[in-house]
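Okay, here's what each chain looks like letter by letter:
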Amino acid sequence: MSATAARQMTAEGYLAPPPTPHHYEGNPGAHEHALRFGMWLFLATEILLFAGLFVGYATFRTFFPEAFDQAARHLSLFLGTLNTLLLLTSSLTVALAHHNAEHGKNHNAFWLLLASIAMGGGFLVIKAIEYAEKFREGALPGRFFHFSEITAPGGPMFYVVYFFTTGLHATHVIVGMSLLAWVAVRCWRKEFSAGYYAPVENAGLYWHLVDLVWIFLYPLLYLV
Amino acid sequence: MAHPPAHGPAPAHRPHPISAFRYLWVWVALVALTATTFGVSKLPMSGSMHLGAAVFIACVKVFLVASFFMHLWGSEGTNKLVFGVSFVFVATLLFFVLADVATRFPLTNSHIRPLPQIDQKILETQEPHAPEPPAR
């Protein structure tokens, strides 16, 4: 970015942070608060987006309890649990990256973010393996459904819910990985210090939200 | 909490007085809760008990992630308010939709529950309708 090229190095050897908007001059604490608050407001809209899908899950589960029970038994519990552990661990490394960036340890933060991105990639690979299995079995939504092992009515509706929730979640994983990659590059450039680390914090908040959604999806789809 | 005052210059930075080990402990707790929810799902319980236990454990995990990984614990009150209220709204939406779905007259769900088979013998014993008188 040209703006970065024009920025100076600070005395401590960090890339100088972008200028604070003039209405926050003299009160950088309020600026930090505003950046964080804006992110939390955005996360609330994300929660309500997923809420619609959870309501759909609850509705169709009430309509077709037997089909949901049968279909849940055909999901790979091993792969689902592995994915849960991957996302939880990636949340840990993101939290540690935030911690390091806040203390000016950009190098550590870079490697921690890279590890998080790798775990996000692992999550997507496992998800793809699960999807391939569903396509092979014909365990699909709507008129594409031809999975003979689910005999109760409503089987296709389980897969509508399954593919919609996990698909939207996987999309968020991809967006989250892109955000983490963007802040990782900025860590590599040594941009963050005790005075400026909001991008690491906010990208991290997004990643944790992705984890939160999976914390609910895992038991609802795979366990109960 | 260490809020900067609304007036006058505030310090640019309030580092989280949190050691990196706290994150590790939270992670250990999250993995333990994942093992717990997995184990509980294998117990012989009714379906609604399983659902309740799974949702409860998921809520505890969400509390841990939000409080410590996302630093909501000790954060500005506005952030807590926004996050908390969003969950209240989700619960409201879920409650009223489920209250509707669970209490419907069964026939409105007839596309789900197959209609009872009509006993063909009843139809056979019915007298055929007398032909309509021809209209003048």
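Residues numbered from 1 in each chain as written. Chains lettered and ligands numbered in written order. Predicted model: local features only at pLDDT ≥ 70, side-chain atom pairs only at ≥ 80, totals over all residues.

### A few points about the overall build of chain A
Cut-off, in case you're wondering: Put simply, DSSP marks the helices as runs of H or I at least four residues long and the strands as runs of E at least two long, and each gets a number from the N terminus on. Residues with at least 20 neighbouring C-beta atoms inside 10 Å of their own are called buried, those with 12 or fewer are called exposed, and the rest are partly exposed, where every C-beta is derived from the backbone. Note on contacts: each residue gets a C-beta atom placed from the backbone, and two residues are in contact if those atoms are within 7 Å.
Of the regular secondary structure elements, chain A holds seven helices and zero strands. The linear arrangement of helices and strands in chain A, starting from the amino end, is α-α-α-α-α-α-α. Taking the principal axes of the C-alpha coordinates as reference, chain A spans close to 70 × 30 × 30 Å. Taken across its 224 residues, chain A has 41% of its residues classed as buried. Pairs at least 24 residues apart make up 74% of the contacts formed inside chain A by residues separated by at least 6 positions.

### So, the overall build of chain B
Check the secondary structure of chain B and you find four helices and zero strands. Scanning chain B from its N terminus toward the C terminus, one meets helices and strands in the order α-α-α-α. Here chain B holds 136 residues, and the buried ones make up 15% of them. The long-range share in chain B, meaning contacts at least 24 apart out of those at least 6 apart in sequence, stands at 47%.

### A short note on the interface of chain A and chain B
Short version of the rule: When residues are grouped by polarity, Ala, Val, Leu, Ile, Met, Phe, Trp, Tyr, Cys and Pro land in nonpolar, Asp, Glu, Lys and Arg in charged, and all others, Gly among them, in polar.
If you look at the interface, chain A gives 46 residues, while chain B gives 42 residues. Mapped by element, the contributors of at least two residues to the side of chain A that touches chain B are α2 (28-63), α4 (77-102) and α7 (198-223) of chain A. Of the residues forming the side of chain A that touches chain B, the biggest block, 18 residues, is contributed by α2(A). Tallied by class, residues from the side of chain A that touches chain B come to 29 nonpolar, 14 polar and three charged.

### Quick look at the nonpolar core
In globular proteins that are soluble, nonpolar side chains generally tend to be buried together. What counts is decided by this rule: In plain words, the nonpolar core is the set of buried Ala, Val, Leu, Ile, Met, Phe, Trp, Tyr and Cys residues that C-beta atoms within 7 Å link up.
Membership of the largest hydrophobic core comes to 78 residues, with the highest contact counts inside it found for Ala109(A), Leu113(A) and Leu180(A). For Leu113(A), the residues in contact, after removing those within four places along its chain, are Ala97(A), Leu180(A), Val183(A), Ala184(A) and Cys187(A).

### Considerations on the packing of α7(A) against helix α2 (residues 47-69) of chain B
To keep things clear, this is the line we draw: To define axes, lines are fitted to C-alpha atoms, for helices over the stretch in contact only, and angles between the resulting N-to-C directions are given on a 0 to 180 degree scale. If an angle is under 35 degrees, it is roughly parallel; if it is over 145, roughly antiparallel; if it lies from 65 to 115, roughly perpendicular; otherwise it is oblique.
Viewed as axis vectors pointing N to C, α7(A) and α2(B) meet at an angle of 170 degrees, and their least axial separation amounts to 10 Å. If you check the angle between α7(A) and α2(B), you find them roughly antiparallel. Of α2(B), the residues touching α7(A) (which contributes His208(A), Asp211(A), Leu212(A), Ile215(A), Phe216(A), Pro219(A), Leu220(A) and Leu223(A)) are Ala54(B), Ala58(B), Lys61(B), Val62(B), Val65(B) and Phe69(B). Considering only residue class, the contact of α7(A) with α2(B) consists of 11 nonpolar, one polar and two charged.

### Some remarks on the environment of Trp40(A)
Looking at where Trp40(A) falls in the secondary structure, it is placed in helix α2. Judged by local crowding, Trp40(A) falls into the buried class, with 22 C-beta atoms found within 10 Å. Residues Trp40(A) and Thr171(A), 131 residues apart in the sequence, show an inter-C-alpha distance of 20 Å. When neighbours within four sequence positions are excluded, Trp40(A) is seen to be in contact with Asn79(B), Val82(B) and Phe83(B).

### Re helix α3 (residues 77-102) of chain B
We apply this condition: Expected span of a helix, by definition, is 1.5 Å for each gap between consecutive residues, and there is one gap fewer than residues.
Across its 26 residues, α3(B) extends 37 Å between first and last C-alpha, which sits within 8% of the 38 Å expected from 1.5 Å per residue. Taken residue by residue, α3(B) has Asn79(B), Val82(B) and Phe83(B) as its buried positions. Where the residues of α3(B) are buried, they touch α2 of chain A together with α2 of chain B.

### A short note on the packing of α2(A) against α7(A)
Packed helices, taken two at a time, are described by the angle between their axes plus the distance between the axes. Residue and element names in this part refer to chain A. Note the following rule: What makes a crossing left-handed is the near helix being turned counterclockwise from the far one by less than a right angle; a clockwise turn instead makes it right-handed.
Between α2 and α7, the shortest axis-to-axis distance is 10 Å and the interhelical angle comes to 20 degrees. With respect to their mutual orientation, α2 and α7 come out roughly parallel. Between α2 and α7 lies a crossing of right-handed hand. Contacts between α2 and α7 involve Glu32, Leu35, Arg36, Met39, Leu43, Glu46, Phe50, Phe54 and Tyr57 from the former and Ala198, Glu201, Asn202, Leu205, Leu209, Val213, Phe216 and Leu220 from the latter. Its residues assigned to classes, the contact of α2 with α7 shows 12 nonpolar, one polar and four charged.

### Some words on helix α1 (residues 20-41) of chain B
Over its 22 residues, α1(B) runs 32 Å from end to end, which matches the ideal 32 Å to within 8%, given 1.5 Å per residue. In this structure, the buried residues of α1(B) make contact with α4 and α7 of chain A together with α2 of chain B.

### A few points about unusual backbone geometry
Here the phi dihedral of Lys190(A) falls at roughly 60 degrees; this positive angle occurs in a residue that is not glycine. Of note in the backbone geometry, His71(B) takes a positive phi value of approximately 60 degrees without being a glycine. With respect to the helices and strands, the residue His71(B) is situated in the loop between α2 and α3. On the basis of neighbour count, His71(B) is assigned to the buried category, with 20 C-beta atoms found within 10 Å.

### What to know about the domain arrangement of chain B
To keep things clear, this is the line we draw: The domain limits used here are those given by an automatic or database domain assignment.
Here chain B is described as being made up of domain 1 (17-74) and domain 2 (76-111). Between the C-alpha centres of domain 1 of chain B and domain 2 of chain B there is a distance of 22 Å.

### Some words on the environment of Ala20(B)
Within the fold, Ala20(B) resides in helix α1. The class of Ala20(B) is exposed, set by 12 C-beta atoms lying within 10 Å.

### Details of the confidence of the model for chain B
It should be kept in mind that the predicted coordinates are not to be read in detail where pLDDT is low. All names here are of chain B. This is how the line gets drawn: Confidence scores per residue from the predictor, reported as pLDDT, run from 0 to 100.
Of the residues in chain B, 63% have a pLDDT of 70 or more, and the chain-wide mean is 79. Per-element confidence in chain B is highest for α1, whose mean pLDDT is 95, and lowest for helix α4 (residues 120-125), whose mean pLDDT is 60. Taken as a whole, residues 1-12 scores under 50 in pLDDT and shows 15 contacts with residues more than four places along the chain or in a different chain. We note a pTM of 0.85 for the whole complex and an ipTM of 0.90 for its interfaces.

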